[in-house]
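One-letter residues, chain by chain:
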Amino acid sequence: MRGVSHHVEEPIFIDYPIHYSTITDLFLQRNLIHDATAILLDVLKPNLPKHGFLQTKVLEINLVTFPNVANAILAKGMFSHYDCPRVAQLYLTHYLYTNNMHRYIEGYVQKVAKVQVGEGLVSDAIKSFIRADDATHFLEVIKAVEDANVYHDLVKYILMVRKNAKEPKVDNELIYAYFKIDRLGKIEEFILMPNVANLPNVGDRLYDEALYEAAKIILSFISNCAKLAITLVKLQQFQGSVDASRKVNSSKTWKEVCFAYVDAEEFRVAQICGLNIIIQVDDLEEVSEFYHNRGSFNELISLRESGLGLECGHMGIFTELRVLYARHCHEKLMEHIKLFSTRLNIPKLIRACDEQQHWKELTYLYIQYDEIDNVATTILNHSPDARDHM
């Protein structure tokens, strides 16, 4: 029997592509992270550009669960093609700070933070800058915080920045931020410590933005009593504003405080301030005009009457009061003219009486001024009223 030829066919192997990403996912579904990492590290030894996605995947799964493994991979320089921004974002999200990680993703943390600022994610950006210990973008951060109103985060950021930079702008903003989060006690503590804040500028800014409580702290500390006086007016701290004005004792400050109280209809305090103004002849008219423009005639009369008892009372006070009587309180006019005729500017009062048609008082003043012709003219033109005081 002829021998039968037995032909054994060789097995056929089909070269199917291996999807390592899929294999990795299967391992991860079973929480076999070490096994998945071991497989991928073996595959990725050549460190090829086409394996950038898988390099990123290895770092992703280990950054979250086994950061020491990710740290070792980066430290050995095993990968060069991973997605640095993605890894940086994970670094920020989980705050996995190690020297190697920080070194190998250097620059990307800052880029992520700047993108966050641009997208209005200011709180996230501040956290990113803090984690990166990056103080170089503080001007951008401050501007972004002003728009987003997240001052709690700004305080944390500035405290980090101050460790690396001594800038007046930084310290100025810290004071401002403390007020915005209602930490006035922190402002008081801060200004007593060594700092480079431009306190006059800070005080002006706080005042201009109507942040008067904070402005009060700064202005008191730098002894800017002139602006402090006005600030205390805004806070309705009457005695304090008067005390601050006394320390300055300038006509300008007294007028600012007085006029502010007139506008606030706090006439008692306005009068205290006003008495320090009207002793200056040149300021009488300005004070009168201010009260007049606001229709505060009775209050102005009260101020002038109080001024009669001042040791440095001058002719202007007496005269201006009689002019006010001529215009607003006629029943007091004649009595006071007779009592103080020697302390009056008679020509000025004559004009006021003529203007208001007070013929009796006008006749009396002409007699005191020895203008007999005008006495006769007034009597002839306005008889019999003008004769009563012949």
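Residues numbered from 1 in each chain as written. Predicted model: local features only at pLDDT ≥ 70, side-chain atom pairs only at ≥ 80, totals over all residues. Heavy atoms only, no water.

You'll find the protein entered in an unreviewed UniProt entry as Clathrin heavy chain, with Canavalia gladiata given as the organism.

Caption draft 1: Molecular detail of the environment of A177. Within the secondary structure, A177 is located in helix α11 (residues 168-180). With relative accessibility at 0%, the residue A177 sits in the buried group. It is 5.5 Å that separates the C-alpha atoms of A177 and Y151, two residues lying 26 residues apart in sequence. In this structure A177 touches Y151, L154 and V155, once residues within four positions along its chain are discounted. (Helix = DSSP H or I, 4+ residues; strand = E, 2+ residues; numbered from the N terminus. Buried < 20%, exposed > 50% of the residue type's maximum accessible area, 1.4 Å probe, protein only. Contact = heavy atoms within 4.5 Å.)

Caption draft 2: Focus on the packing of aromatic side chains. On inspection of all chains with the given rule, the structure shows six aromatic pairs. Consider the rings of F129 and Y157, whose centres lie 6.2 Å apart with planes at 55 degrees: the pair is tilted. Of this pair, F129 sits in helix α8 (residues 122-132) while Y157 sits in helix α10 (residues 151-161); the two residues are 28 residues apart in sequence, bridging distant segments of the chain. Measuring from ring centre to ring centre gives 5.5 Å for Y207 and Y212, while their planes differ by 65 degrees; the resulting arrangement is edge-to-face. Judged on exposure class, the residue Y207 and its partner Y212 are both buried. Seen from the ring of Y176, R205 lies directly overhead, with NZ or CZ sitting 3.5 Å from the centre. The cationic tip of R294 hangs over the ring face of F290; the distance from NZ or CZ to the ring centre is 3.5 Å. (Phe/Tyr/Trp six-rings, centres within 6.5 Å; stacked < 30°, edge-to-face > 60°. Lys NZ or Arg CZ within 6 Å of the ring centre and 35° of its normal.)

Caption draft 3: Region of the structure containing helix α12 (residues 184-192). Inspection of α12 places I187, F190 and I191 among the buried residues, and these make up the whole buried set. Across the axial projection of α12, the buried residues extend over an arc of 90 degrees, all falling on one side. Looking at the buried residues of α12, the elements they touch are α11, α13 (199-208) and α14 (212-221). (Arc of directions from axis to C-beta.)

Caption draft 4: Spotlight on the packing of α8 against α10. In the contact formed by α8 and α10, the axes pass within 10 Å of each other and the chain directions differ by 20 degrees. When the interaxial angle is binned, α8 and α10 end up roughly parallel. Considering how the two elements wind past one another, α8 and α10 form a crossing that is left-handed. Contacts between α8 and α10 pair S123, I126, F129 and I130 from the former with D153, L154, K156, Y157 and M160 from the latter. Split by residue class, the contact of α8 with α10 holds six nonpolar, one polar and two charged. (Axes fitted to C-alpha atoms, helices over the stretch in contact; angles between N-to-C directions. Parallel < 35°, antiparallel > 145°, perpendicular 65-115°, else oblique. Left-handed = near helix turned anticlockwise from the far one by under 90°. Nonpolar A, V, L, I, M, F, W, Y, C, P; charged D, E, K, R; others polar.)

Caption draft 5: Inspection of the pattern of salt bridges at higher detail. Summed over all chains, the structure comprises 17 salt bridges. The partner of K255 in a salt bridge is D283, and the shortest N-O contact between them spans 3.2 Å. Taken together, the residues K255 in helix α17 (residues 251-263) and D283 in the loop between α18 (267-274) and α19 (284-293) connect sequence positions 28 residues apart. Between R294 and D263 there is a salt bridge, with the nearest N and O atoms lying 2.6 Å from each other. Here D263 lies in helix α17 and R294 lies in the loop between α19 and α20 (297-307), a separation of 31 residues in the sequence. Salt bridges sharing common partners tie together E146, K169, E173, R205 and E209. (Salt bridge = Lys/Arg side-chain N within 4 Å of Asp/Glu carboxyl O.)

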